Amino acid sequence: MLRPQDTSTRERKSLTGLWEFRLDPTRAGRSARWFADSLPDAVRAPVPASYNDVFADATVRDHVGDVWYQTTARVPRGWEGRRVVLRFDSATHRAVVWVGDTKVAEHEGGYTPFEADVTSLLAPGDEVRITAVVNNELSFQSIPPGIVEDTPQGLRQLYFHDFFNYAGLHRAVWLYATPTTYVSDVTVVTDRHGSTGLVRYAVQSSGDADHTVQVTLRDAEGRTVATGDGAGGELSVGDAHLWAPGDGYLYELEVELVDAEGATLDSYLQTVGIRTVEVRGIQFLINGEPFYFKGFGKHEDSAVRGKGYDDAFLVHDFALLDWIGANSFRTSHYPYADEVYDYADREGVVILDEVAAVGQNVELAGGIFGGKSYVTFSPETVNDVSREVHAQAIRELVARDKNHPSVVLWSIANEPESQTPESREYFEPLFALTRELDPTRPVGFANFALASHGKCLVSDLGDVLMLNRYYGWYVNTGDLVAAEQAWQTELEAWATEGKPIIITEYGADTVAGLHSVAPVPWTEEYQVEYLEMNHRVFDRVDAVVGEHVWNFADFATMSGVRRVDGNKKGVFTRDRRPKAAAHLLRRRWTRDA
Ligand code: GCB
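Residues numbered from 1 in each chain as written. Predicted model: local features only at pLDDT ≥ 70, side-chain atom pairs only at ≥ 80, totals over all residues. Heavy atoms only, no water.

## Side note on the sheet that holds strand β8 (residues 114-117)
Taken in spatial order, the 4 strands of this open sheet run β1-β12-β5-β8, and their pairing is antiparallel. Because the sheet does not close on itself, it has two edges, and the strands there are β1 (11-14) and β8. Adjacent strand axes in the sheet meet at a mean angle of 20° when their direction is disregarded. With 4 bridges connecting them, strand β5 (residues 83-88) and β8 associate as antiparallel partners. Of the residues in β8, the one forming a bridge with Val85 is Asp117. (Pairing = 2+ DSSP bridges. Helix = DSSP H or I, 4+ residues; strand = E, 2+ residues; numbered from the N terminus. Axes fitted to C-alpha atoms, helices over the stretch in contact; angles between N-to-C directions.)

Okay, structure coming up:
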């Protein structure tokens, strides 16, 4: 799905700011048609932000069900005769949207955009009412899954993943205008032959006007380096400046629809990083060079705004990644805001892009969170309907992120049950789908400890092995000697598979400022020794091609006996101050720089 843009033929208007907002605890709003007028009894809430923590009110924080957002916007007068689209960059976890009294969109899944052509509902110069009902309930048929319990005290949301169920309008909302004959999709795939870069492009367009497609590729200085005609083709760039980790060099492809007189009907700008990605034997190659992933599993998480996108945190987090010597991160455990990928493209930071399938493992969650026991994959729990929701989430992820050079792998789940025949049956078609949607990027999923080597029935479907392991934390707690041996043994077993291994999680909860002479769990000293132990193990196994510490920063979770004000495995605190481990990682990750 293309982004809203300002180009010579397109304009966009951001609708971020304060919206009218209210909870709907009795789910009255849909039948009472709250969209049809000013939202009754509303307060004001920021967009983008999770609504949970902005009010000093536990009822809002813990609300289960519908909330309503409403705003009014003036349609620019210059948009006469244009196609006008309303776009939500996300609504967590699902939404229905009305313009005036007309329902225009309905979307399932909290982390990908959706939009509606609203041209016929607005007149340029007029004010228009936009209403969204956003629902945060998780069920076995949602990604991620959960269970809503109807208790005498009200609805309670249980879920199987370890981050707070923040909800609301987490990202920008836009009105944008395009010509009525317009570019509707662009796909770019890059390759190289010697020093020549190849840019294969495919353009889709819609609308009635006769047109042809012209493309112009410009370098970072704006010089034209290649041009092409037609809806698809291949451009050659002599002596190409490749996109590479640490060198986010971008070309820009201008896609134009041109009429018979040569006039431009529409112009869309697509950034292009020329690079290749390949798994060969136990290596992960970017531009033919072995790449070693250094970085983190992250979260979109900060105080007050929750999962709300924030420019300042974007720039600051990338500055910290650079400071510490990280070259990559995983968008654990859901697709992040578009702006994050744009920034990674420009900074030359590598991304493992993950869909929101986290917690399809009720056995694990039952143990960790004290929930009830269920069977993960069954007709009553994660079933064929869930798989279709999961498949759609993968389609939307690939459609949104396919052109980002920073994205080098699709991660189609985090720690699902993967040691049962049912799990293999569930995942086989999803791997096939992802490869069909994008044959150019490796596919994987993050494996969890109970599906260890020899037990996991899904790992062979992936191009790389992605392991989340907590030797020295959840097992061998406090005993780093035993942990080192056990970890080494398991890793050597995985190495016999002949695939590259990325350690996608290893970490220890650490309370900033808690110190001890002896390496005692929860202290800063223990986190340092824990990481050092892991690094010794990784450095002894050739197949390990990357290490992503869990987590970049402390983050909010649901309450529980194992969580003190959230998950404390951050190398930075939630407000992004370094723990001692940050300095250790900086030494390790910058030593060859
Ligand atoms: C995991 C999960 C991650 C948790 C982490 C932990 O394996 O993938 O979401 O936050 O462990 O800290 O327990």
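And the narrative resumes.
## A look at the sheet that holds strand β3 (residues 43-47)
What holds strands together in a sheet is hydrogen bonding between their backbones, with the strands either parallel or antiparallel. Pairing within the open sheet is antiparallel, and its 6 strands lie in the order β3-β2-β4-β9-β6-β7. Each end of this open sheet is capped by a strand with a single partner; those strands are β3 and β7 (102-108). Shown here is a sheet whose adjacent strand axes are inclined to one another by a mean of 30°, direction ignored. Taken together, the 6 bridges between strand β6 (residues 94-99) and strand β9 (residues 127-135) define a ladder with antiparallel strand orientation. Bridging from a neighbouring strand, Ala95 pairs with Val134 of β9.

## Some words on the site of the ligand
Neighbouring residues of the ligand: 13 residues in total, closest Asp162, His333, Glu415, Tyr474 and Lys569. Within the contact set of the ligand, an oxygen atom lies 2.8 Å away from a side-chain nitrogen or oxygen of Asn414. Summarising the interface, the protein chains cover 93% of the accessible area of the ligand, which totals 320 Å² for the free molecule. Across the shell around the ligand, the residue classes break down as 4 nonpolar, 4 polar and 5 charged. (Near = heavy atom within 4 Å. Polar contact = N/O pair within 3.5 Å; in protein donor to acceptor, adjacent residues only side chain to side chain. Areas by Shrake-Rupley, 256 points an atom, 1.4 Å probe, with all protein chains shown as cover. Nonpolar A, V, L, I, M, F, W, Y, C, P; charged D, E, K, R; others polar.)

## Thoughts on the pairing of strand β20 (residues 277-280)
Across 4 bridges, β20 lies against strand β21 (residues 283-286) in antiparallel orientation. Residue Arg280 lies in a different strand from β21, and its bridge partner there is Gln283. Hairpin connection between β20 and β21: a loop of 2 residues separates the two successive antiparallel strands, and Gly281 in this loop has a positive phi of roughly 55°.

## Concerning the packing of aromatic side chains
Working definition: an aromatic ring pair is given by the centre-to-centre distance plus the angle between the planes. In the structure shown here, the tally under the stated rule is 38 aromatic pairs. Measuring from centroid to centroid gives 6.5 Å for Tyr526 and Tyr530, while their planes differ by 40°, and the two rings are tilted. Separated by 4 residues within a single helix, Tyr526 and Tyr530 lie in helix α8 (residues 524-539), roughly one turn from each other. Taken together, the ring pairs in this structure connect Trp19, Phe21, Tyr51, Phe55, Tyr69, Phe88 and Phe114 into an aromatic cluster. (Phe/Tyr/Trp six-rings, centres within 6.5 Å; stacked < 30°, edge-to-face > 60°.)

## Some points on the environment of Arg192
Relative to the assigned elements, Arg192 resides in strand β13 (residues 182-193). Overall, the relative accessible area of 31% leaves Arg192 in the partly exposed class. Taking the C-alpha atoms as reference points, Arg192 and Arg275, separated by 83 residues in sequence, lie 7.4 Å from one another. Beyond its immediate stretch of four places on either side in the chain, Arg192 contacts Gly197, Leu198, Leu242, Thr276, Asn287 and Gly288. From its side chain, Arg192 meets the backbone oxygen of Asn287 in a polar contact 2.9 Å long. (Buried < 20%, exposed > 50% of the residue type's maximum accessible area, 1.4 Å probe, protein only. Contact = heavy atoms within 4.5 Å.)

## Things to note about the side chain of His299
By the element assignment, His299 lies in the loop between β23 (293-297) and α2 (311-324). Beyond its immediate chain neighbours, meaning those up to four positions away, His299 contacts Phe163, Lys307, Ser332, His333, Tyr334, Tyr336, Trp550, Asn551 and Phe555.

## Quick look at helix α6 (residues 421-437)
Over its 17 residues, α6 runs 25 Å from end to end, which matches the ideal 24 Å to within 8%, given 1.5 Å per residue. Residues of α6 that are buried: Ser423, Tyr426, Phe427, Leu430, Phe431, Leu433 and Thr434. The elements touched by buried residues of α6 are α5 (384-401), β26 (407-414) and β27 (443-447). (Expected span 1.5 Å × (residues − 1).)

## Observations concerning the nonpolar core
Across soluble globular proteins, nonpolar side chains show a tendency to be buried alongside one another. Grouped together as the largest cluster of nonpolar side chains are 87 residues, with contacts concentrated most on Phe296, Phe427 and Leu491. Split by domain, the residues of this core number at least three in each of domain 1 (11-178) and domain 3 (278-589). Leaving out residues up to four positions away in the same chain, Phe427 has contacts with Gln360, Phe377, His390, Ile412, Ala413, Pro416, Glu417, Val458 and Leu461. If you look at the next biggest cluster of nonpolar residues, it comprises 34 residues, including Trp19, Ala73, Val97 and Leu169. (Core = buried A, V, L, I, M, F, W, Y, C linked by side-chain atoms within 4.5 Å. Domains from an automatic or database assignment.)

## Focus on the packing of helix α7 (residues 480-495) against α8
Close contact between α7 and α8 brings their axes to 10 Å; oriented N to C, the two are set at 30°. As the angle between them shows, α7 and α8 are arranged roughly parallel. Note on packing geometry: the crossing formed by α7 with α8 is right-handed. On the side of α7, the interface is formed by Leu480, Ala483, Glu484, Trp487, Gln488 and Leu491, while α8 contributes Tyr526, Glu529, Tyr530, Met533, Asn534, Arg536, Val537 and Phe538. Each residue belonging to the contact of α7 with α8 can be placed in one class, and the counts come to 9 nonpolar, 2 polar and 3 charged. (Parallel < 35°, antiparallel > 145°, perpendicular 65-115°, else oblique. Left-handed = near helix turned anticlockwise from the far one by under 90°.)

## Details of the domain arrangement of the chain
Domain assignment breaks the chain into domain 1 (11-178), domain 2 (182-275) and domain 3 (278-589). Taken together, the 29 residues of domain 1 in the interface contact 44 residues of domain 3. A buried area of about 3100 Å², summed over both sides, lies between domain 1 and domain 3, and 63% of it is on carbon and sulfur atoms. On the domain 1 side of the interface with domain 3, the three residues burying the most area are Phe140, Ile143 and Asp162, jointly 22% of the side's total. A salt bridge links Arg171 to Glu300, with the shortest nitrogen-to-oxygen separation between them at 2.9 Å. (Buried area = accessible area lost by both parts, 1.4 Å probe. Salt bridge = Lys/Arg side-chain N within 4 Å of Asp/Glu carboxyl O.)

## Description of unusual backbone geometry
Excluding glycine, most residues fall at negative phi; most peptide bonds, likewise, are trans. For the bond running from Thr92 to His93, omega is 5°, close enough to zero to count as cis. Here Asp239, not a glycine, exhibits a phi torsion of approximately 50°, which is positive. Among the structural elements, Asp239 can be located in the loop between β17 (232-237) and β18 (251-258). Judged by relative accessible area, which is 66%, Asp239 ranks as exposed. The backbone of Glu415 sits at a positive phi, close to 45°, despite the residue not being glycine. Relative to the helices and strands, Glu415 resides in the loop between β26 and α6. For Glu415, a relative accessible area of 14% gives the class buried.

## Points about the side chain of Arg275
Along the polypeptide, Arg275 turns up in the loop between β19 (264-272) and β20. Despite its burial, Arg275 pairs with no opposite charge; the closest candidate is Asp438, at 7.0 Å N-O. Polar contacts involving the side chain of Arg275 include one to the main-chain carbonyl oxygen of Pro405, which spans 2.8 Å. Apart from the residues within four sequence positions on either side, Arg275 is in contact with Thr190, Trp243, Asn287, His404, Pro405, Val407, Val408 and Arg441. (Lys, Arg positive; Asp, Glu negative; His and termini not counted.)

## Some details on the pattern of salt bridges
Going through the model one piece at a time under the given rule, you end up with 49 salt bridges. With a closest N to O distance of 3.3 Å, Asp575 and Arg577 form a salt bridge. Overall, the relative accessible area of 55% leaves Arg577 in the exposed class.

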